[in-house]
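Here is what each chain is made of, one letter per residue.
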Amino acid sequence: GSAPELVDVKITDHCPVGCTYCYQESTPRGSHASVDDIRRELYALASEGVMEAAIGGGDPTTHPDFAEILSLFREAGIVPNFTTQLWDWFDNPTILKAVQDHCGAVALSTQNPALAKKWIETCNKHKIRGHIHYVLGLSPLSNLKKMFAIDPKTEHYSPYPSKYLVLLDFKQIGRAAGMTPINYDKWWETVEQLGVANHWTIAVDTFLVPSVAANMAKVSPLLYEQGDGRFSVYWDAVAGTLARHSFEPKEKH
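Computed from a predicted model, the values in this text were never measured in an experiment.

A.B. asks: What am I meant to see in the overall build of the chain here?
C.D. replies: The secondary structure content of the chain amounts to seven helices and 10 strands. Relative to its full complement of 253 residues, the chain shows a buried share of 48%. Taking as baseline every contact in the chain between residues at least 6 positions apart, the subset at least 24 positions apart corresponds to 73%.

Structure representation (C-alpha cells):
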C-alpha cells in the first residue's frame, strides 16, 4: 500500500493533568522517550515519505528535550505539530522559540470556550498557529455551540485561519473504558449551523469521517478538511512500537 504521510507520535507517557478520559492512561510518573531513539526512527520515517507529525503524549511539553525534538523533526524534513493542555511552555524561551521556528500548528485540548479563546489569542500574540482539539461526548452539544460563539482577538495578520477546531470522536479505552459519552448524535447540525456560519475551519479525526461523508453533499468542500487513516501511522516512541493508530489495544502493538 501507500506509505504514510502523517505520523502520530507519542514522545512521553508523562502528564500532570490526569484527565479521567485519557485513553493513553498517562500519569505524573510516566516516562519519556529517548532522544536517540526518536532521532533514529525519524530519518527512517522521513525516507518513507512522512511529511508531517502530530506529537502527543502524555503532555509533550513536559519532555525535558522537547525543544530539541522539535528541531530534529524539522531537520528530518517532517513538520511537527503538537497537542497540549499546559501553558507554562509559553514562559520557556527555549521551547517558545523552537515552536515558533519549527511547528506547523499547536493545539489545546479543551472543552472550555473561555480557555479556547485565550489560547487562540495567546498563540496569535506569539505568531503561532493555535488550534483547538475538542472531544465530542465529554460535554453537551450546547457547549460546542458556546465554543463556536467565541470571537478571539487577532493582533497579527496571518494567512492561516485563527478559528480552527479539530473534532475528535470519543474513544472508550484506557481510563475512558468505563465512561459513557454524552450523546453527540446531532453534532453535525451544530457544525453546519454555527461552525460554518461563524467562520470556523473544522477538521475531523478519521473516526468521524463516515458521518461527515453522509452530509458532505450539502457543504462546500472549501469548508472542511478530513483526515485519512490510510495515510497515517502511530509511533509510540516511549514503548518503541508502530501501529495503525493510537487506539489499538496495547497487546496488538
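Past the structure itself, the notes keep going.
A.B. asks: Quick question: what am I supposed to make of helix H2 (residues 66-75) here?
C.D. replies: Within an α-helix, residues lying three or four positions from one another point in the same direction, as the helix has 3.6 residues per turn. Burial analysis of H2 places seven of its 10 residues in the buried class, which makes it a mostly covered element. Looking at H2, one finds that the buried residues are Phe-66, Ala-67, Ile-69, Leu-70, Ser-71, Leu-72 and Phe-73. Immediately beyond the C-terminal end of H2, within one or two residues, lies Gly-77, with a positive phi of roughly 85 degrees.

A.B. asks: I keep staring at the pairing of strand E7 (residues 201-204) and nothing clicks. Help me out?
C.D. replies: Successive side chains on a regular strand alternate, one facing one side of the sheet and the next facing the other. The side-chain alternation of E7 yields two buried faces, one formed by Thr-201 and Ala-203 and the other by Ile-202 and Val-204. Across four bridges, strand E6 (residues 164-168) lies against E7 in parallel orientation. By the bridge assignment for E7, Tyr-164 is matched with Thr-201.

A.B. asks: Sorry if this is basic, but what is going on with the nonpolar core here?
C.D. replies: Soluble globular proteins tend to bury their nonpolar side chains together. Grouped together as the largest cluster of nonpolar side chains are 63 residues, with contacts concentrated most on Phe-73, Trp-89, Leu-165, Leu-167 and Trp-187. Among the elements that line this core, the one with the most residues is H2, at six residues. Sequence-distant contacts of Leu-165, defined by excluding residues within four places in its chain, comprise Ile-132, Tyr-134, Leu-144, Met-147, Phe-148, Trp-200, Thr-201, Ile-202 and Ala-203.

A.B. asks: Would you mind going over the packing of H2 against helix H3 (residues 93-102) with me for this structure?
C.D. replies: A pair of packed helices can be characterised by two numbers: the angle between their axes and the separation between those axes. Running from amino to carboxyl end, H2 crosses H3 at an angle of 15 degrees, the nearest separation of the two axes being 8 Å. Overall, the two elements H2 and H3 adopt an arrangement that is roughly parallel. Like other packed secondary-structure pairs, H2 and H3 cross with a definite hand, here left-handed. Of H3, the residues touching H2 (which contributes Phe-66, Ala-67, Leu-70, Ser-71 and Arg-74) are Thr-94, Ile-95, Ala-98, Val-99, Asp-101 and His-102. Residues of the contact of H2 with H3, tallied by class, amount to six nonpolar, three polar and two charged.

Reading the values: the criteria
- Residues numbered from 1 in each chain as written.
- Predicted model: local features only at pLDDT ≥ 70, side-chain atom pairs only at ≥ 80, totals over all residues.
- Heavy atoms only, no water.
- Helix = DSSP H or I, 4+ residues; strand = E, 2+ residues; numbered from the N terminus.
- Buried < 20%, exposed > 50% of the residue type's maximum accessible area, 1.4 Å probe, protein only.
- Contact = heavy atoms within 4.5 Å.
- Pairing = 2+ DSSP bridges.
- Core = buried A, V, L, I, M, F, W, Y, C linked by side-chain atoms within 4.5 Å.
- Axes fitted to C-alpha atoms, helices over the stretch in contact; angles between N-to-C directions.
- Parallel < 35°, antiparallel > 145°, perpendicular 65-115°, else oblique.
- Left-handed = near helix turned anticlockwise from the far one by under 90°.
- Nonpolar A, V, L, I, M, F, W, Y, C, P; charged D, E, K, R; others polar.

On their own, these measurements won't tell you what the molecule is for.
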